[in-house]
Every structure is written in structure tokens, then in C-alpha cells.
Amino acid sequence: MSAPSADVFQERTRPLSWQNLGKTIAAGYIPLILATLVVFVPLLWMMLSSLKEPGEIVTTDLAILPRNPNLQNYVEATSTVPFPRFFLNSVIVTAVGSTLKCVLAVFTAYALVFIRFPFKRVIFLLILVALMVPPQVSVLPNYVLIASMGGLNTYWGIILPGLGTAFGTFLLRQHFLTLPPAILESAEIDGAGHWRKLWQIVVPVSVPSIATVALVTIVSEWNEYIWPLIVTDHPDMMTLPVGLTQLVNSEGSTQNWGMLMAGAVIVLVPILIIFAALQRYIVSGLTQGSVTG
């Protein structure tokens, strides 16, 4: 049997050959486009529905674009329930909670990698176990504890039970393990302590990983629903997801789907903006912590 010719071999290995382009489109672009549509189409439909009149949403005639776009649904949503107060509560809880979570994750990950102390491996194993435990399991014990401390309808009562972030600690630990030991050894020779090594060496070179933890934490804090619903029953302390429930239960909102869609847009748009601003750190942050030394 004769060997394949050079022309056939080049045709098979050329990056821009029809065979390679077909494989790239079929295995790469088509699944990516389908996944994007699955995520984006419901959001687009929700935003368009928030600009429609009530009769345009519940109808047998499918209308994708609103005939007369207007912001009346947003006006009704903000006047039916105190959305400005809900928004302020969500900003406070998210800003304080995510900041404390990230700081604690940095401290914990640094200690697990660069400080010697007894039972360090056991503690890390417990952190891995915490990743596997559903958060709903701790709802009842946390409620009993916070209620006994007088934390119902308070900011600290909403924030305190979720300060531990096993995901952030795990991700940052994996990244810290990849840092060259020579850098920290040189700083130690120069007389730098743990505090200086952490803030002047470790944190600056770990910005992508820390930004990834911050983004995940901000999204989870902003969208948290179960715990704020349990520990708050006063409108002045409710966050946006809980306030959206109040909008659903308000009089006259059952048939006004446009107003409900407007409320959902108010809840989602801020976090989408933050995600768009920080999403470039996600891939680099996750890949930095994917290899251990």
C-alpha cells in the first residue's frame, strides 16, 4: 500500500481546511450559541415584557416587541412597594457581606498555605466537607442562634451566618500554592512579617483569583432569598429578592405581569452590570488556582 501523498497530508492538517472548520463549528460554535440562547432569551423576554401593556403579555397572539414601549410598569412597581429601601438594604448587605467574606477567605487561605499550625490538614478537610453540605441544612440552627442574640430584622443578623465561604477559601488556597516560594523567602529574609507578605506580595499577584471570589460572593449575596426572608418580616429591612415577593403578593399584581417583570429587571440589572465589569477575571482567576505546587 502506497503512503498518502504530501498534498493529502497538508489538506488534513491545515488549520483552515473545510474539515477543521466544520469540526470547529459543529463542536464549538453551535453548542456555544445554543447555550447562550438558553440563558439570554428568557432575560430578553423579561426585559421586553416589562415595557409592554398588560394586554400584550397574556394573549393568544404572540408579540415579541412591545407595540407602545413605556416605563409605566416600573413606575407602578416602585410605587406599590418601597423598592428604593429594598435596593439600599441589598446594597448594604451585599457590600458589607461580600467584603468580609473576601477578607476572611484571604486570611484563611494564607494561613492554610504559609503558616504552620496543628491540624491544618484536618481544617482544610472540614472546609472541603462544607462545600458538599447544602446551606439549607444550617438554616434552623442559624435562626435559633440569631433570634436568641436579637438579630432578627437587623443587618448583622442577615450578614453574620454567611460570612464563612468555603468556595473562596478553597479557590484562594489552590492559587496560593502556585506562588513561587522564593519570593516569600526573600521577603522573609528582608524582615517582612506575615502581614507585610500578605498585603504587599500575595494579594497584588492574586488579584484575578480574589476578583473571582469577590464576583461569586457578590452574586450570591445579592441573590440570597431564603435567609433574608426568614430573619426579616419588616419592610424596612427586606432586601430586593424578598421585596419582589412582596410585589407578587400585593393587591392587583396577580394579573399585572408587566409590573412583575419590571420588578425582576430591577433586581437583576445591577448584578448583571457588576458581572459584565468583572467577568474578565473569571477565567484567569479559576485557571490560576487550577494547578498546585
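One structure accompanies this document, and this report is about it.

Scoring rules and cut-offs
- Residues numbered from 1 in each chain as written.
- Predicted model: local features only at pLDDT ≥ 70, side-chain atom pairs only at ≥ 80, totals over all residues.
- Heavy atoms only, no water.
- Helix = DSSP H or I, 4+ residues; strand = E, 2+ residues; numbered from the N terminus.
- Contact = heavy atoms within 4.5 Å.
- Areas by Shrake-Rupley, 256 points an atom, 1.4 Å probe, with all protein chains shown as cover.
- Phe/Tyr/Trp six-rings, centres within 6.5 Å; stacked < 30°, edge-to-face > 60°.
- Buried < 20%, exposed > 50% of the residue type's maximum accessible area, 1.4 Å probe, protein only.
- Patch = residues over 30% accessible without salt bridge, like charges linked within 9 Å, V, L, I, M, F, W, Y side chains within 5 Å.
- Salt bridge = Lys/Arg side-chain N within 4 Å of Asp/Glu carboxyl O.
- Axes fitted to C-alpha atoms, helices over the stretch in contact; angles between N-to-C directions.
- Parallel < 35°, antiparallel > 145°, perpendicular 65-115°, else oblique.
- Left-handed = near helix turned anticlockwise from the far one by under 90°.
- Nonpolar A, V, L, I, M, F, W, Y, C, P; charged D, E, K, R; others polar.
- Polar contact = N/O pair within 3.5 Å; in protein donor to acceptor, adjacent residues only side chain to side chain.

The next thing to look at is the overall build of the protein. The helix and strand tally for the protein stands at 16 helices and zero strands. A fraction of 70% describes how many contacts in the protein between residues 6 or more apart in sequence connect residues 24 or more apart. Total accessible area on the protein stands at roughly 17,600 Å², and carbon and sulfur atoms take up 70% of it.

Quick look at the packing of aromatic side chains now. All told, the structure shown has eight aromatic pairs when counted by the stated rule. With centroids separated by 6.0 Å and ring planes inclined at 75 degrees, the aromatic side chains of F83 and F86 adopt a geometry described as edge-to-face. In this pair, F83 and F86 are both assigned in helix α5 (residues 83–114), three residues apart and thus about one turn of the helix distant. Taken individually, F83 and F86 each receive the classification buried, so the pair is uniform in this respect. Residues F87 and W222 carry aromatic rings whose centres are separated by 5.8 Å and whose planes lie at 75 degrees to one another, so their mutual orientation is edge-to-face. One end of the pair, F87, is in helix α5; the other, W222, is in helix α12 (residues 207–223), with 135 residues separating them in the sequence. An aromatic cluster is present here, built from F107, W195 and W199 joined pairwise through their rings.

Residue placement: T169 occurs in helix α9 (residues 166–176). With sequence-adjacent residues up to four places away left out, T169 is seen in contact with A105, T108, A109, L112 and I127.

Taken together, the side chains of I25, Y29, I30, I33, L34, L37 and V41 define a hydrophobic patch exposed on the protein surface, amounting to about 660 Å² of accessible area. Note that V41 resides in helix α2 (residues 18–49).

In this section: the pattern of salt bridges. Per the counting criterion, the structure on display carries two salt bridges. A salt bridge links E221 to K101, with the shortest nitrogen-to-oxygen separation between them at 2.9 Å. Separated by 120 residues along the polypeptide, E221 in helix α12 and K101 in helix α5 bring together distant segments of the chain. Accessibility classification places E221 together with K101 in one group, the buried group. Notably, a salt bridge pairs K197 with E188, separated by 3.8 Å at the nearest N-O pair.

As a further point, take the packing of α5 against α9. For the pair α5 and α9, the least separation of the axes is 8 Å and the interaxial angle reads 45 degrees. Comparing the axis directions of α5 and α9 gives the class oblique. Relative to α9, the crossing made by α5 is right-handed. Contact with α5, carried on its side by A105, V106, T108, A109, Y110, L112, V113 and F114, involves G168, T169, L172, R173 and F176 of α9 and no other residues of that element. Among the residues making up the contact of α5 with α9, the classes are represented as nine nonpolar, three polar and one charged.

Mapping T217 onto the fold places it in helix α12. Of note is the side chain of T217, whose polar atom sits 2.6 Å from the backbone oxygen of V213.

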